[in-house]
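These are the residues of each chain, in order.
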Amino acid sequence: MALLMWLVGLFTGIAGVKIYGWVKEGKLECQWYHWIIGVLWYLLGMFVIGFVGVSFAEGEPQAAGMAILIFGGVFLVVTVLLYRFVFAKQIKTAA
Amino acid sequence: MSIQDRGDKMAEKQPDKKGLTLSRRDFLKSTGIAGLTAGAVGASSFINSKPAFAGEKTGQPIVDFTVKEVDQPKYKTFFEGSENLKRFHQANEAFKNKDLAKKNFDGKPWFVKYEETVMQKLTMDKPPAGYTLIDQTLANVSWTSYKTTNFFSWEPIGAANLKRLEVVGKWEGTPEENNKIVKKAAQMWGPGETGVAEVNEQWFYSHEANGTPIIFSDKHDKPVQTKEAWYIPKTMKSLIVMVIPMYEPVRKYVPSALAGGAVGTGYSLMAEKASKMAEFLRGLGYNAIPMGNEIGLSVPMAIDAGLGELGRHGLLVNPKWGSWIRISKVLTDMPIAPDKPIDFGVAEFCRTCMKCAENCPSESISFDKDPSYEIKCPSNNPGMKKWYVDTWSCLTFWTENGAGCTNCQGICPYNKPHTWIHDVVKGISAKTTVFNSTFAALDDILGYGGTVDENNPEEWWKS
């Protein structure tokens, strides 16, 4: 448990430093609302994975499946919207 | 050149341009890291999700952020008229009621007809899963401690050495110390919760099942059972109530005989814990009467002791263990500081959630949104505004089922284990009723709380 929490801190830290670096280097231009949307997206993702994991642990596979379908679906939609309307505008591609 | 490479090259060529120069690769990397973090959190939840009944701390105060202590129990604030209830004659309960026996059981005790159904199912070419000989036998023997021993004796049974008291005298702790001591002692004897209430004589039967009056007496200094009456000294003012969780893995097979094994095991634990508590108190120099379902009404006593709320199904809902529980009690003259009743939104949730009523095979549980004074059968104690349960049709179903029915207990949404998902839902529900209908609907959609109709009891034997 302690190791896992440590890993959570580690990965969150790496992600935070990485994003901060991009912002500082000018690779990523973040408005204040981008941060809010990003944090909400991150929490939603954790919620989905946590819910599914716990449901399996409880012996409730149907709850896990429905959670993937409902909450996972919402997460997917938010991810697509986030990518489409926030990041896609800023990503340079060779299109 | 790959698309990724082309993208990276384009980004390198335009370093000064405002706006994002984040490559798709970097984006994927960052989302990957976030995903890994999310996964780790999920995994930690997975490990943390050990069900509460599998060795969690017990005997601790159960009040946490989802539960608030209140001055008045909910049966006085949400429900009404509890003060009108007269002490109940135990012979009037469905199990003992002669009118019900005449009406539905050919004048015989209910268990005669029950056994006929058991045998009818056992002699089928293929007995239904959950009602086979191994299921029925397991269910029967699970009651061993309750039915074959003298655990509920009003007299010392010899486990405590009372001679020591002649030398050292009785234990003299403060009421607050004693509250902690009895809870810690109960913790040693198995999972569950313990609370203490001041005696309310209203919850004690006026007469036990065979018609002997139960009298609170100021002329007795010890509890005495005679043929004429059972005398409880008025000095016995403290009531210790213990909630005992039932064996969880068979809950989803209600109302089969296999699930009945959990009930029998719960009863046996009731007997053992009540007996040990009573003998513990005697060993400290005090009188004690251990009680199962007899002598008094367990549900209001448990509510008074801060162990839960009254649900739509007429049973106790405990914040940690839900409804898949049993209750035993010990009456004593040890001075013990009482606990306060609690409120965690059960009555309000029950208004919206009809799950126990929907899953009651005999339609014995009310579908009325709000409580009412209308009784459902002659075994109800009239005068209170609550959700009355038709205990006659309930028991009649038992006899037709060939096993006791615990659907209402097994299906209750509060039975969920102690994980962050359910703690959050319970917490929100305790604070506001706004989301109750959503939570009740989600409980169905997510497939919680099935019965033997959806689950095959053979799986338990094979697991």
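About the thresholds
- Every chain is numbered independently, its residues counted from 1 as its sequence is written.
- All chains are assigned letters beginning at A, and all ligands numbers beginning at 1, according to the order in which they are written.
- The predicted origin of the model limits local features to residues at a pLDDT of at least 70 and limits the giving and counting of side-chain atom pairs to 80 or more, whereas totals for whole chains, interfaces and linings rest on all residues.
- With hydrogens and water stripped out, all remaining heavy atoms of the structure feed into the side-chain values.
- For helices the rule is a DSSP run of H or I covering at least 4 residues; for strands it is a run of E covering at least 2, with both sets numbered from the N terminus onward.
- Any residue under 20% of the maximum accessible area for its type is buried, any over 50% is exposed, and the rest in between are partly exposed; the area is computed with a 1.4 Å probe on protein chains only.
- Only heavy atoms enter the contact rule, under which two residues are in contact if any of them lie within 4.5 Å.
- Using the Shrake-Rupley algorithm and a 1.4 Å probe, accessible areas are obtained, with residue cover drawn only from the displayed protein chains.
- Paired rings are identified among Phe, Tyr and Trp, the last through its six-membered ring, by centres lying within 6.5 Å, and are further divided according to the angle between planes into stacked (under 30 degrees), edge-to-face (over 60) and tilted (the rest).
- In this scheme, the term charge over a ring applies when either NZ of a lysine or CZ of an arginine sits within 6 Å of the ring centre and within 35 degrees of the ring normal.
- Cysteine sulfur atoms that come within 2.5 Å of each other are treated as a disulfide pair.
- Only one rule defines a salt bridge in this text: a Lys or Arg side-chain nitrogen within 4 Å of an Asp or Glu carboxyl oxygen.
- Whether two strands pair comes down to DSSP finding at least two bridges between them.
- Every axis in this analysis is a line fitted to C-alpha atoms, fitted for helices over the stretch in contact. Angles between the N-to-C directions lie between 0 and 180 degrees.
- If an angle is under 35 degrees, it is roughly parallel; if it is over 145, roughly antiparallel; if it lies from 65 to 115, roughly perpendicular; otherwise it is oblique.
- Working rule for handedness: look at the near helix, and if it is turned counterclockwise from the far one by less than a right angle, call the crossing left-handed; if clockwise, right-handed.
- Patch members must show over 30% relative accessible area and no salt bridge, and they are joined within 9 Å when carrying like charges or within 5 Å when they are nonpolar side chains of Val, Leu, Ile, Met, Phe, Trp or Tyr.
- A helix is expected to span 1.5 Å for every residue after the first.
- Scored from 0 to 100, pLDDT reflects the predictor's confidence in each residue.

**Student:** Which parts of the structure should I look at to understand the overall build of chain B?
**Tutor:** Looking only at helices and strands, one finds 18 helices and 11 strands in chain B. Buried positions account for 54% of the 463 residues belonging to chain B. Within chain B, counting contacts between residues at least 6 apart in sequence, those at least 24 apart form 77% of the total. Total accessible area on chain B stands at roughly 21,200 Å², and carbon and sulfur atoms take up 55% of it.

**Student:** What exactly am I supposed to notice about the packing of aromatic side chains here?
**Tutor:** For any two aromatic rings, the description comes down to two numbers: the centre-to-centre distance and the angle of the planes. Residue and element names in this part refer to chain B. Within this structure, the stated rule accounts for 28 aromatic pairs over all chains. Ring geometry for Trp189 versus Phe280: centroids 6.1 Å apart, planes at 80 degrees, classification edge-to-face. Here the residue Trp189 occupies a position in the loop between helix H9 (175-188) and strand E2 (193-198), and Phe280 occupies one in helix H10 (residues 257-283), the gap between them amounting to 91 residues. On the accessibility criterion, Trp189 (19% relative accessible area) is buried. By relative accessible area, Phe280 is classed as partly exposed at 27%. Taking the centre distance of 6.1 Å and the plane angle of 80 degrees together, the rings of Tyr247 and Trp460 count as edge-to-face. Of this pair, Tyr247 sits in the loop between strand E6 (238-245) and H10 while Trp460 sits in helix H18 (residues 458-462); the two residues are 213 residues apart in sequence, bridging distant segments of the chain. Aromatic rings pair up to connect Phe95, Trp110, Phe111, Tyr114 and Trp398 into one cluster. Lys121 extends its terminal NZ or CZ atom over the ring of Tyr131, reaching a point 3.9 Å from the ring centre. Between Lys147 and the ring centre of Trp143, over which it is positioned, the NZ or CZ distance is 4.8 Å.

**Student:** Is there a simple way to explain the side chain of B:Gln409 in this structure?
**Tutor:** Residues and elements named next belong to chain B. By secondary structure assignment, the location of Gln409 is in helix H15 (residues 407-411). With relative accessibility at 7%, the residue Gln409 sits in the buried group. Those residues within four positions of Gln409 in sequence are excluded, and the remaining contacts are Met246, His313, Leu315, Ser323, Trp324, Ile325, Arg326 and Asn415.

**Student:** So what exactly am I meant to see when it comes to the state of the cysteines here?
**Tutor:** What makes a disulfide is a covalent bond joining the sulfur atoms belonging to two cysteines. Residues and elements named next belong to chain B. Counted by the stated rule, this structure contains zero disulfides over all chains. Here Cys356 is not disulfide-linked; the sulfur of Cys350 is the nearest cysteine sulfur, at 6.3 Å. Distance from the sulfur of Cys394, which forms no disulfide, to the nearest cysteine sulfur (Cys405) is 6.2 Å.

**Student:** I would appreciate a short explanation of the pattern of salt bridges in the present structure.
**Tutor:** Close approach of charged atoms lets side chains of opposite charge pair. All names here are of chain B. Under the counting rule described, the total for this entry stands at 15 salt bridges over all chains. When the shortest N-O distance is used, the salt bridge between Lys234 and Glu201 registers 3.8 Å. Placement of Lys234 in the loop between strand E5 (230-233) and E6 and of Glu201 in the loop between E2 and strand E3 (214-217) is noted, with a sequence separation of 33 residues between them. Judged by relative accessible area, which is 32%, Glu201 ranks as partly exposed. A salt bridge links Asp368 to Lys376, with the nearest nitrogen and oxygen atoms 4.0 Å apart. The structure contains a network of salt bridges with shared partners spanning Lys74, Glu309, Asp343 and Glu348.

**Student:** Could you clarify how one ought to interpret the sheet that holds E5(B) in this entry?
**Tutor:** Paired through their backbone hydrogen bonds, the strands of a sheet run either parallel or antiparallel. With mixed pairing, three strands are arranged side by side in an open sheet as E3-E5-E4 (chain B). Of all the strands in the sheet, the pair left with one neighbour each is E3 and strand E4 (224-225) of chain B.

**Student:** Would you explain the packing of helix H6 (residues 133-141) of chain B against H10(B) in this entry?
**Tutor:** Helix packing for two helices is described by the angle between their axes and how far apart those axes are. Residues and elements named next belong to chain B. One way to put it is that H6 packs onto H10 with a least axis distance of 7 Å and a crossing angle of 15 degrees. Here H6 is positioned roughly parallel relative to H10, judged by the angle of their axes. At the point where H6 passes H10, the crossing takes the left-handed sense. Taken together, the residues of H10 that come into contact with H6 (itself represented by Asp135, Gln136, Leu138 and Ala139) are Ala257, Leu258, Gly260 and Gly261.

**Student:** Which parts of the structure should I look at to understand a nonpolar patch on the surface?
**Tutor:** Together, A:Trp32, A:Tyr33, A:Ile36, A:Ile37, A:Val39, A:Leu40 and A:Leu43 make up a nonpolar patch on the protein surface, roughly 700 Å² of accessible area in all. Position of A:Ile36 among the secondary structure elements: in helix H2 (residues 32-58).

**Student:** I keep staring at the sheet that holds strand E10 (residues 325-332) of chain B and nothing clicks. Help me out?
**Tutor:** All names here are of chain B. What the four strands build is an open sheet, ordered E2-E6-E10-E7; its pairing is antiparallel. Strand pairing shows two members of the sheet lacking a second neighbour, E2 and strand E7 (288-291), which therefore form its edges. For this sheet the average axis-to-axis angle between neighbouring strands, irrespective of direction, equals 20 degrees. Strand direction decides the pairing type here: E7 and E10, joined by four bridges, are antiparallel. Bridge pairing in E10 links Met291 to Lys329. Strands in contact with H9 are E2 and E6; relative to E2, the strand with the most contacts, it is inclined by about 145 degrees.

**Student:** Is there a simple way to explain helix H16 (residues 420-431) of chain B in this structure?
**Tutor:** Spacing of three or four residues puts side chains on the same side of an α-helix, whose turn is 3.6 residues. Taking 1.5 Å as the rise per residue, H16(B) with 12 residues should run 16 Å; its terminal C-alpha atoms sit 16 Å apart, in good agreement. For H16(B), the secondary structure elements touched by its buried residues are H2 of chain A together with helix H12 (346-352) and helix H17 (436-445) of chain B.

**Student:** Any chance you could explain the confidence of the model for chain A here in plain terms?
**Tutor:** One rule of thumb: low pLDDT means the predicted coordinates there are not for detailed reading. Mean pLDDT over chain A works out to 81, with 84% of the residues at or above the 70 mark. No element of chain A has a lower mean pLDDT than helix H1 (residues 2-25) of chain A, which averages 78, and none a higher one than helix H3 (residues 61-87) of chain A, which averages 88.

**Student:** Would you mind going over the pairing of E6(B) with me for this structure?
**Tutor:** Consecutive side chains along a regular strand alternate between the two faces of the sheet. All names here are of chain B. Judged by how many residues are buried, E6 sits mostly within the fold: eight of eight residues are covered. Judged by which residues are buried, E6 turns out to be covered on both faces: Ser238, Ile240, Met242 and Ile244 on one side and Leu239, Val241, Val243 and Pro245 on the other are all buried. With six bridges joining them, E2 and E6 adopt antiparallel strand pairing. Among the inter-strand pairings, Glu193 is bridged to a residue of E6, identified as Val243. Pairing of E6 with E10, which is carried by eight bridges, proceeds in the antiparallel orientation. Each residue of the ladder has a partner; that of Met242, found in E10, is Ser328.

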